Amino acid sequence: QAQLVESGGGLVQPGGSLTLSCAASGITFNMFRMSWYRQAPGEQRELVASITSGENTDYADSVQGRFTISRDKVKSTVYLQMNSLKPEDTAVYYCNAFLSRYHTYWGQGTQVTVSS
């Protein structure tokens, strides 16, 4: 059974840093494109960053240069290093594993709050 478990969220001041982790189990991790999405209250869920099995990365314009996505194939874990955080980064962050429309999985989400 596929399972994605996020951790690392919390409260941070503007300008601070956080690293989110997403541990995957029950899937062939190396085959999946892994992504981080976020959803702020009243907003649609949006793609933040993604990394392919070949470790090609893509970022939303709003986080380019501040966030870094990476993956550890041994630990079956994907990370999101977030620097220079802004209040507008406040959201629930979700991990996603995608192989096909029939093989896509979500984590439960982790709250990130950027506030002084």
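Residues numbered from 1 in each chain as written. Predicted model: local features only at pLDDT ≥ 70, side-chain atom pairs only at ≥ 80, totals over all residues. Heavy atoms only, no water.

Another aspect to go through is the side chain of aspartate 89. Topologically, aspartate 89 is positioned in the loop between strand E8 (77–82) and strand E9 (91–100). For aspartate 89, the side chain forms a polar contact with the main-chain nitrogen of lysine 86, separated by 2.8 Å. (Helix = DSSP H or I, 4+ residues; strand = E, 2+ residues; numbered from the N terminus. Polar contact = N/O pair within 3.5 Å; in protein donor to acceptor, adjacent residues only side chain to side chain.)

Enumeration according to the criterion identifies 1 disulfide in this entry. A sulfur-sulfur distance of 2.1 Å marks the disulfide that ties cysteine 22 to cysteine 95. Between cysteine 22 and cysteine 95, the disulfide has an S-S torsion of -80 degrees and is therefore left-handed. Here cysteine 95 lies in strand E9 and cysteine 22 lies in strand E3 (residues 18–25), a separation of 73 residues in the sequence. Using a relative accessible area of 0% as the deciding quantity, one classes cysteine 95 as buried. (Disulfide = S-S within 2.5 Å. Buried < 20%, exposed > 50% of the residue type's maximum accessible area, 1.4 Å probe, protein only.)

Below, the discussion takes up the nonpolar core. Formed by 29 residues in total, the largest nonpolar core has its most connected members in Met34, Trp36, Leu80, Met82 and Tyr93. Elements supplying a minimum of two residues to this core: E3, strand E4 (33–39), strand E5 (46–51), strand E7 (67–72), E8, E9 and strand E11 (110–114). Other than its neighbours up to four places away in sequence, tyrosine 93 contacts Glu6, Leu20, Trp36, Tyr37, Arg38, Val48, Phe67, Leu80, Met82, Gly109, Thr110 and Val112. (Core = buried A, V, L, I, M, F, W, Y, C linked by side-chain atoms within 4.5 Å. Contact = heavy atoms within 4.5 Å.)

The next thing to look at is the pairing of E9. Bridging between E4 and E9 involves 7 bridges; their strand directions are antiparallel. In the strand pairing of E9, methionine 34 is matched with alanine 97. Bridge analysis of E9 against E11 gives 3 bridges, and the strand direction is antiparallel. The residue of E11 that forms the bridge with alanine 91 is valine 112. With antiparallel pairing between neighbouring strands as the criterion, E9 and strand E10 (residues 103–106) make up a hairpin whose turn holds 2 residues. (Pairing = 2+ DSSP bridges.)

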